[in-house]
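Working through the structure, step by step
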Amino acid sequence: MVLDLNSSPPPDDEGGWAEPDVEDTATAEEPDAHWINQERDLQVILAAAGTGCFADGDSLCPDGSQESYEEIYRDLLIAGYLRDECFRGGCGIDKYRMRSATTLCQLAIFLSKRSDIDLAEAQQRNPTPQVSLAPVGGRRPKRKNRKMLTNKQRWEVYQELLKDSNSGRLKKTSTADVASKLGHGRRQVQAVWRIVKDCIKEGREVDVTHKKSKNCGRKRILAPLAQVQSIPKRKRQTLSALCHAIHMSKTTLFMRFKQGYLRRISSSLKPVLKDSNKKQRLRFCVRMVDQNTIHNEPQFVDMEDIVHLDEKWFNMTKNKRTYYLMPEEEEPVRTIQNKNYIGKVMFLVAVARPRYDDEGNLIFDGKIGCWAMVTEEPAKRRSGNRPRGTMVKKNMKVNRDRMREFMVNKVIPAIHERWPDEGKTIYIQQDNAPSHVKPDDEALLNAISITGRDIRILQQPPNSPDMNILDLGFFRSLQSFTDQLNPTTIDELIEGVIAEFNKYEVEKINRIFLTLQSCMIQVMRLRGGNWYKIPHMNKGG
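Read on for a plain summary of the structure. (Residues numbered from 1 in each chain as written. Predicted model: local features only at pLDDT ≥ 70, side-chain atom pairs only at ≥ 80, totals over all residues. Heavy atoms only, no water.)

1. Some remarks on a positive patch on the surface
A surface patch of positive charge is lined by Arg169, Arg186, Arg187, Arg194 and Lys197. Residue lysine 197 is classed as partly exposed on the basis of its relative accessible area of 43%. (Patch = residues over 30% accessible without salt bridge, like charges linked within 9 Å, V, L, I, M, F, W, Y side chains within 5 Å. Areas by Shrake-Rupley, 256 points an atom, 1.4 Å probe, with all protein chains shown as cover. Salt bridge = Lys/Arg side-chain N within 4 Å of Asp/Glu carboxyl O. Lys, Arg positive; Asp, Glu negative; His and termini not counted. Charge placed at Lys NZ, Arg CZ, Asp CG, Glu CD. Buried < 20%, exposed > 50% of the residue type's maximum accessible area, 1.4 Å probe, protein only.)

Okay, structure coming up:
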């Protein structure tokens with residue numbers, strides 16, 4: 001039986017296509033989605049048989065004799081090649097569907113049923129093929145696309161062509177030479193030169209950049225971000241709340257945020273300022289300006305004669321902490337009896353501006369002292385850690401009498417002991433807390449007179465924590481270091497805070513003074529206001 005490969009099977013009674021007349025069609029494969037090219041398939045078959053290539057009128061066998069397609073195909077099957085490897089060599093060429101009854105699939109099934117085949121003779125005539133058959137699969141093979149040149153590569157091609165050009169004309173082999181030199185395709189080089197000639201012809205500047213960065217890709221959907229400003233800020237605290245307010249997908253909104261259409265800020269509460277507070281803030285900042293430079297280039301005074309004084313609670317731990325762990329590490333378990341009663345101690349801190357000599361050597365670190373405001377008293381009850389009557393440290397109630405005691409017995413003697421020079425007036429700047437002593441306090445004046453120094457109390461403006469370097473940045477920085485100690489007792493917390501204070505970097509204290517001056521500039525610009533962002537000065541650069 002000989003099948004005509006160029007004809008289609010006759011339709012059956014139901015309007016479909018008739019199946020080939022074979023003895024057992026149950027074993028027939030029916031690859032629905034595969035596409036082949038019969039001519040390409042025959043070329044693969046003939047190449048495997050040793051004929052090399054196929055053309056009309058050529059001999060189909062190595063000995064020059066004519067043999068039908070069915071016989072060659074049969075010989076390949078008998079030689080041991082899989083049927084799929086034989087007829088799917090041209091997979092991916094969309095000319096004939098394999099559901100057609102005239103395809104090589106049905107032909108192979110028909111040939112495989114013939115019994116009058118000499119297996120030894122077929123194997124002797126068909127040696128192992130030297131060609132690699134195409135992989136079996138239902139998808140069309142990808143076409144190897146030429147890689148697009150980047151703008152940098154296109155500019156390099158233009159520069160190389162410009163060197164070979166003479167009055168705007170290239171040599172016959174210029175494009176091939178440049179393509180070989182840079183490792184690009186010749187047609188890519190020619191395309192770049194065509195763009196150059198078009199630019200020169202139109203009288204515009206040569207631009208060889210590609211336009212795909214503007215024209216390719218899925219067109220961006222315009223998001224209704226214009227209505228964001230009309231939404232109250234209280235409904236814009238999270239992306240989820242904002243996406244519900246403007247009826248947009250959260251993913252789309254997050255992408256717009258990453259692209260810079262939205263910005264995230266942190267808003268912190270600030271003290272309410274009355275008009276009198278603004279005037280006092282403005283007057284305080286003007287006082288810190290050197291009056292000799294106010295008419296030319298205003299500059300601040302060195303602030304070396306001011307001691308900043310304030311109190312701060314330091315906690316033993318925090319309710320939430322962040323850790324960085326390796327994937328195999330276990331998460332730490334932190335327990336406490338009551339998270340509303342975390343151990344803490346109040347410290348009184350006094351800091352001045354560091355001083356350097358003309359050669360840049362440190363002569364005064366500015367750290368006056370750090371004192372824990374605690375008292376020792378016997379324990380009233382026994383516990384598993386200590387018996388009853390053991391002396392333990394407890395926080396004292398800080399009032400004006402306690403503060404006067406610390407000023408007279410600790411602060412004033414520490415300033416007298418550590419201050420580098422004599423004869424200049426020293427100002428102790430403090431806020432307007434009720435517990436602070438007044439400038440005309442009799443006990444304080446007596447303690448100052450004993451030292452023989454001119455020490456005065458300077459009250460900073462009300463509701464102005466940004467006018468004191470301790471509240472401005474020193475306390476927060478010191479707390480970040482003490483958080484790493486992880487103390488378990490009050491004694492460990494006190495020792496840790498004092499140790500961190502003593503080894504605190506002097507240069508950081510000087511940077512906080514520079515930040516204070518930048519804040520004063522903003523206060524004067526806002527006429528005493530406090531609605532400003534602390535400017536970045538790159539002090540550590």
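Having put the structure on the table, let's press on.
2. Some remarks on the packing of helix H7 (residues 174-182) against helix H8 (residues 186-202)
In contact at an axis separation of 8 Å, H7 and H8 are set at 120° when each is read in the N-to-C sense. With respect to H8, the axis of H7 lies oblique. The handedness of the crossing between H7 and H8 is right-handed. Each of Thr175, Ala176, Val178 and Ala179 in H7 lies in contact with H8, whose residues at this interface are Arg186, Val189 and Gln190. (Axes fitted to C-alpha atoms, helices over the stretch in contact; angles between N-to-C directions. Helix = DSSP H or I, 4+ residues; strand = E, 2+ residues; numbered from the N terminus. Parallel < 35°, antiparallel > 145°, perpendicular 65-115°, else oblique. Left-handed = near helix turned anticlockwise from the far one by under 90°. Contact = heavy atoms within 4.5 Å.)

3. Section: the pairing of strand E3 (residues 306-315)
The buried fraction of E3 amounts to seven of the ten residues, a majority that puts the element mostly inside the structure. One ladder, built from three bridges, connects E3 with strand E10 (residues 426-430); its direction is parallel. Across the sheet, the residue bridging to histidine 308 is glutamine 429, located in E10. Both E3 and strand E4 (residues 344-352) contribute to a ladder of nine bridges, which runs antiparallel. Paired with glutamate 311 across the strands is leucine 348, a residue of E4. (Pairing = 2+ DSSP bridges.)

4. Side note on the packing of helix H10 (residues 239-246) against helix H11 (residues 250-258)
In the contact formed by H10 and H11, the axes pass within 9 Å of each other and the chain directions differ by 110°. Between H10 and H11, the interaxial angle falls into the category roughly perpendicular. Crossing hand, H10 versus H11: right-handed. When H10 is examined against H11, the residues Leu239, Ser240, Leu242, Cys243 and Ile246 are found in contact with a partner set consisting of Lys250, Leu253 and Phe254. Its residues assigned to classes, the contact of H10 with H11 comprises six nonpolar, one polar and one charged. (Nonpolar A, V, L, I, M, F, W, Y, C, P; charged D, E, K, R; others polar.)

5. A word on the nonpolar core
Ranked by internal contacts, the top residues of the largest apolar core, which has 38 residues, are Met288, Phe347, Val349, Val351, Phe474 and Met520. Of all elements in the fold, only helix H12 (275-287), E3, E4, strand E7 (367-372), helix H15 (469-482), helix H16 (490-502) and helix H17 (506-525) reach the threshold of two or more residues within this core. Take this core: its biggest share by element is seven residues, from H17. Leu348, Ile412, Ile426 and Leu444 belong to the second-largest nonpolar core, a separate cluster that totals 26 residues. (Core = buried A, V, L, I, M, F, W, Y, C linked by side-chain atoms within 4.5 Å.)

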